[in-house]
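One-letter residues, chain by chain:
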Amino acid sequence: MLSKEERQERRIQKQAEKLEKKNLKTYEKYMEQALKEAKKAYNINEVPIGCVIVQDDKIIARGYNRRNTDKSVLAHAEIAAISEACKKTGDWRLEDCTLYVTLEPCQMCAGAIVQARIPRVVVGAMNPKAGCAGSVLNILQMHQFNHVCDLETNVLGDECKEMMTKFFEELREQKNQLM
């Protein structure tokens with residue numbers, strides 16, 4: 001028979017597990033929307049990265065990678081979504097938002113996320129070559145800055161990686177056909 005303390009500890013653990021499942025479902029719901037944005041980039045032959053920003057359980061901004069299309073180094077999914085969210089909210093501070101992105105942010109995007117004071121970032125796939133949310137650097141959680149983000153990684157990570165892998169395989173195939 002369990003003691004009163006053990007029963008209470010089990011109850012608390014079950015509540016925490018329930019909350020974690022609920023959060024995971026929410027994370028997956030919005031990461032699916034970020035994947036839809038990534039698909040838009042994929043369809044125009046851009047690196048398939050998508051982003052959505054959520055406030056009060058509603059998507060307020062979307063973005064996808066358009067660097068080649070726009071001929072701009074700034075045309076990243078996160079930058080587009082942050083810009084749209086700032087216009088919608090009428091403020092540069094996005095302190096009550098969550099950003100969902102299919103690929104770990106680069107240094108520019110991680111810097112913009114910190115500057116916008118976004119409290120939570122949910123990442124699909126990590127980017128070991130250029131990621132700045134834990135792979136190469138972790139700009140989102142550097143306590144030397146005036147803002148630190150909560151970070152959740154590997155949400156629908158397999159789906160995000162799969163789209164990226166397929167894109168680069170097709171790109172290599174196209175290049176080989178030209179040679």
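Residues numbered from 1 in each chain as written. Predicted model: local features only at pLDDT ≥ 70, side-chain atom pairs only at ≥ 80, totals over all residues. Heavy atoms only, no water.

Looking at an unreviewed UniProt entry, the protein chain carries the name tRNA-specific adenosine deaminase, with the source organism given as Pseudobutyrivibrio xylanivorans DSM 14809. UniProt, in its Sequence similarities (unreviewed entry) section for the protein chain, records the words "Belongs to the cytidine and deoxycytidylate deaminase family. ADAT2 subfamily." Note on the protein chain: under the UniProt heading Subunit (unreviewed entry), the record states "Homodimer." (UniProt positions renumbered as here; feature names shortened; annotations may be inferred.)

Chemist: Sorry if this is basic, but what is going on with the UniProt feature "active site" (unreviewed entry) in the protein chain here?
Modeler: Those places that UniProt annotates as "active site" (unreviewed entry) correspond, in this numbering, to Glu78. The residue glutamate 78 is located in helix H3 (residues 77-89) in this model. Glutamate 78 sits in the buried class, given a relative accessible area of 4%. The residues contacting glutamate 78, other than those within four sequence positions of it, are Cys51, Leu99, Val101, Leu103, Pro105 and Cys109. (Helix = DSSP H or I, 4+ residues; strand = E, 2+ residues; numbered from the N terminus. Buried < 20%, exposed > 50% of the residue type's maximum accessible area, 1.4 Å probe, protein only. Contact = heavy atoms within 4.5 Å.)

Chemist: Would you mind going over the nonpolar core with me for this structure?
Modeler: The tendency in soluble globular proteins is for nonpolar side chains to be buried as a group. Counting residues in each nonpolar core, the largest one holds 46 residues, and the members touching the most others are Ile53, Ile82, Leu94, Leu99 and Tyr100. Of all elements in the fold, only helix H1 (4-43), strand E1 (50-55), strand E2 (58-64), H3, strand E3 (97-103), helix H4 (107-115), strand E4 (120-125) and helix H5 (157-178) reach the threshold of two or more residues within this core. Examining the composition of this core, we find that seven residues originate from one element, H1, more than from any other. Ignoring anything within four residues of it in the chain, the contact list for tyrosine 100 reads Thr26, Tyr27, Tyr30, Met31, Ala34, Gly50, Cys51, Val52, Val54 and Val122. (Core = buried A, V, L, I, M, F, W, Y, C linked by side-chain atoms within 4.5 Å.)

Chemist: Honestly, the UniProt feature "binding site: Zn(2+)" (unreviewed entry) in the protein chain in this entry has me stumped. Any pointers?
Modeler: Per the UniProt record, "binding site: Zn(2+)" (unreviewed entry) is found at His76, Cys106 and Cys109. Despite a sequence span of 34 residues, these residues sit close together in the fold, their greatest C-alpha distance being 9.3 Å. Looking only at the residues we just named, the largest pocket is lined by His76 and Cys106. The topology assignment puts histidine 76 in the loop between helix H2 (67-70) and H3. Judged by relative accessible area, which is 12%, histidine 76 ranks as buried. Tracing the sequence through the fold places cysteine 106 in the loop between E3 and H4. Assessed through its relative accessible area of 17%, cysteine 106 is described here as buried. Other than its neighbours up to four places away in sequence, cysteine 106 contacts His76, Ala130 and Cys132. (1 Å grid on protein atoms, 1.4 Å probe; cavity = no way out; pocket = protein on both sides within 12 Å on 5 of 7 lines; lining within 4 Å.)

Chemist: What am I meant to see in the packing of aromatic side chains here?
Modeler: What characterises a pair of aromatic rings is the spacing of the ring centres plus the angle enclosed by the ring planes. Applying the stated rule across the entire model yields four aromatic pairs. Three or more aromatic residues joined by ring pairs form one cluster here, namely Tyr27, Tyr30 and Tyr100. (Phe/Tyr/Trp six-rings, centres within 6.5 Å; stacked < 30°, edge-to-face > 60°.)

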